[in-house]
Amino acid sequence: MKFGLFTVFDNYQAKFDRTPAKLLQEVLEQTVEADRLGYESVWFAEHHFSEYGILTSPHILLTAAAERTKRIRLGVSIVSLVFHNPIQVAEDYALVDVLSDGRLNLGLGSGYLPHEFAGFNVEGKDKAFRFNDALAVIEKAWTGETFSHQGEYYQFTDIKLQVIPKQKQVPLWIGALRSQGAQYVGKMGYNIMGVPYVSSNSIEELRQVISDYRTAYLEAGHDERKINTPLAVHTFVAETLEAAERIAKPHVNLYLETRQYGKGAQYEDLEAREQLLIGTPEDVIRRLKKYKEAGCDHIMMLMNFGGLPHEQVLKSMELVAREVMPAFREQAKEESVV
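Only a predicted model underlies this, so the values are computations on that prediction, with no experimental measurement involved. (Residues numbered from 1 in each chain as written. Predicted model: local features only at pLDDT ≥ 70, side-chain atom pairs only at ≥ 80, totals over all residues. Heavy atoms only, no water.)

### A short note on the environment of Lys-166
Part 1: Looking at the secondary structure, you find Lys-166 in the loop between β6 (155-159) and β7 (172-175).
Part 2: Apart from the residues lying within four places of it in its own chain, the contact partners of Lys-166 are Asp-97, Val-98, Asp-101 and Gly-102. (Helix = DSSP H or I, 4+ residues; strand = E, 2+ residues; numbered from the N terminus. Contact = heavy atoms within 4.5 Å.)

### A short note on a nonpolar patch on the surface
Part 1: Taken together, the side chains of Leu-95, Val-98, Leu-99 and Val-163 make up a nonpolar region of the molecular surface, amounting to roughly 290 Å² of accessible area.
Part 2: You can see Val-98 is positioned in helix α4 (residues 86-99). (Patch = residues over 30% accessible without salt bridge, like charges linked within 9 Å, V, L, I, M, F, W, Y side chains within 5 Å. Areas by Shrake-Rupley, 256 points an atom, 1.4 Å probe, with all protein chains shown as cover. Salt bridge = Lys/Arg side-chain N within 4 Å of Asp/Glu carboxyl O.)

### A closer look at helix α9 (residues 203-219)
Part 1: Here α9 is 17 residues long and its end C-alpha atoms lie 24 Å apart, about the 24 Å a rise of 1.5 Å per residue gives.
Part 2: Three or more residues of α9 are buried, namely Ile-203, Leu-206, Val-209, Ile-210, Tyr-213, Ala-216 and Tyr-217. Take α9 and look down its axis: the buried residues cluster within an arc of 150°, on one side only.
Part 3: The elements touched by buried residues of α9 are α7 (179-188), β8 (191-193), α8 (196-199), β9 (230-237) and α12 (281-294).
Part 4: Two residues or fewer past α9, Gly-221 is found with a positive phi of approximately 90°. (Expected span 1.5 Å × (residues − 1). Buried < 20%, exposed > 50% of the residue type's maximum accessible area, 1.4 Å probe, protein only. Arc of directions from axis to C-beta.)

### Considering the pairing of β6
Part 1: Taken together, the three bridges between strand β5 (residues 147-150) and β6 define a ladder with antiparallel strand orientation. Each bridged residue has a counterpart across the sheet, and for Phe-147 the counterpart in β6 is Ile-159. (Pairing = 2+ DSSP bridges.)

### Some remarks on the side chain of Arg-287
Part 1: Among the structural elements, Arg-287 can be located in helix α12.
Part 2: The class of Arg-287 is buried, set by a relative accessible area of 15%.
Part 3: Ignoring any residue separated from it by four or fewer positions in sequence, one finds Arg-287 in contact with Glu-271, Glu-274, Gln-275, Leu-276 and Leu-277.

### Regarding the packing of α9 against α12
Part 1: Running from N to C, α9 and α12 cross one another at 30°; their axes reach a closest spacing of 9 Å. Here α9 lies roughly parallel to α12, going by the angle between them. The segment α9 lies against α12, with Ile-203, Leu-206, Arg-207 and Ile-210 engaging Lys-290, Tyr-291, Glu-293 and Ala-294.
Part 2: For the contact of α9 with α12, the class distribution of residues is five nonpolar, no polar and three charged. (Axes fitted to C-alpha atoms, helices over the stretch in contact; angles between N-to-C directions. Parallel < 35°, antiparallel > 145°, perpendicular 65-115°, else oblique. Nonpolar A, V, L, I, M, F, W, Y, C, P; charged D, E, K, R; others polar.)

### Concerning unusual backbone geometry
Part 1: Cis geometry is found at the peptide bond from Ser-77 to Ile-78, where omega equals 5°.
Part 2: Assignment of secondary structure puts Ile-78 in strand β3 (residues 73-80).
Part 3: One non-glycine residue, Phe-49, lies in positive phi territory at about 70°.
Part 4: Its location among the elements puts Phe-49 in the loop between β2 (41-44) and α3 (58-68).
Part 5: Positive phi is not limited to glycine here, since Asp-101 has a value of about 60°.
Part 6: Checked against the element boundaries, Asp-101 lands in the loop between α4 and β4 (104-109).

### Re the sheet that holds β3
Part 1: Within the open sheet, the nine strands sit side by side as β8-β7-β4-β3-β2-β1-β11-β9-β10. Their pairing is parallel. Both outer strands of the open sheet, β8 and β10 (276-279), are each paired with one neighbouring strand and no more. Sheet twist, expressed as the average angle between the axes of neighbouring strands with direction ignored, equals 30°.
Part 2: Bridge count for strand β1 (residues 2-7) against β2 is four bridges, and the pairing is parallel. Bridge pairing in β2 links Phe-6 to Trp-43.

### Looking at the nonpolar core
What tends to happen in soluble globular proteins is that the nonpolar side chains get buried as a cluster.
Part 1: Grouped together as the largest cluster of nonpolar side chains are 109 residues, with contacts concentrated most on Phe-3, Tyr-39, Tyr-93 and Trp-142.
Part 2: Ignoring sequence-local partners within four residues, the contact set of Trp-142 consists of Ala-90, Tyr-93, Ala-94, Leu-104, Leu-106, Leu-161, Ile-164, Pro-165 and Val-170. (Core = buried A, V, L, I, M, F, W, Y, C linked by side-chain atoms within 4.5 Å.)

### Some thoughts on the pattern of salt bridges
Oppositely charged side chains can form a pair if their charged atoms are brought close together.
Part 1: Counted by the stated rule, this structure contains 17 salt bridges.
Part 2: Linking Arg-130 and Asp-126 is a salt bridge whose minimum nitrogen-to-oxygen distance equals 3.8 Å. The burial state of Arg-130 is the same as that of Asp-126; both residues are buried.
Part 3: Across the salt bridge formed by Arg-322 and Glu-318, the nearest N and O atoms sit 3.5 Å from each other. Of this pair, Arg-322 and Glu-318 both sit in helix α13 (residues 310-337), four residues apart, which is roughly one turn of that helix.
Part 4: Residue classification places Arg-322 among the partly exposed positions, given a relative accessible area of 43%.

Below, the structure is given as structure tokens:
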């Protein structure tokens, strides 16, 4: 199990008197701490036009994070390709990979929020086809060769990037946690990632989606060793269950109230569906083992949510590193011996 830190950058400035500048600085501090504590990755989300998520250009903040960290991998989850020129995406994230000495993780998607499509004046009905066309452009651009592309949505003639990623192959994920989409991504040979509560109602349902994905991936002849499935789950760890729930619950509910895909869910709904990692270290270890059994091998811990205070986020991060991560390192050692 790999452990990552995921931030959506939801911000409620009037409610908490937290300016965008303050939130961004706090996330950078959390990223530096995650690097020190041994987290494998951090992931920043891209959103537009709403307190739902205020980071519009993850590559800029990832570059700042690269300067402040040494080891941790720097991920974006996700770049909404349909809102961008794919050449610009290829250039911006190639530069992140170079400046971070080859630590970029790239998550891509086609967007899902109506207000973002409206804001960019982009039709959503053909987003999957536009996404596929843009992805093909990025892959050609990152070869470092002069290329042309004549797609339905994007056309380029005889261009060559002057800066390409340091990594020979940048790890790439596509946002998809519904069975049909996951199977399609599997056939293409890419990894999937996502937020379980958005698309499933139980760990068992999630297990089936991941199983369908793996079947499609393997039947298409792709390398099983390259499968890596990061899932984002709200996380808060404290010394007692009572403290964890008392502190985290109002912030989970505020987060859910602002989600257009929240479906009216509340803390109790997500807890009943086992879609929270909130409790003592022992509580979180037990639930994480269920996710591992379902096929999740990379947990993206969504710890900065709903205006949760910076100090509480840091305390939770410390407890996870000190008491949760070691349990999975020991389990991995036992499995390797067997």
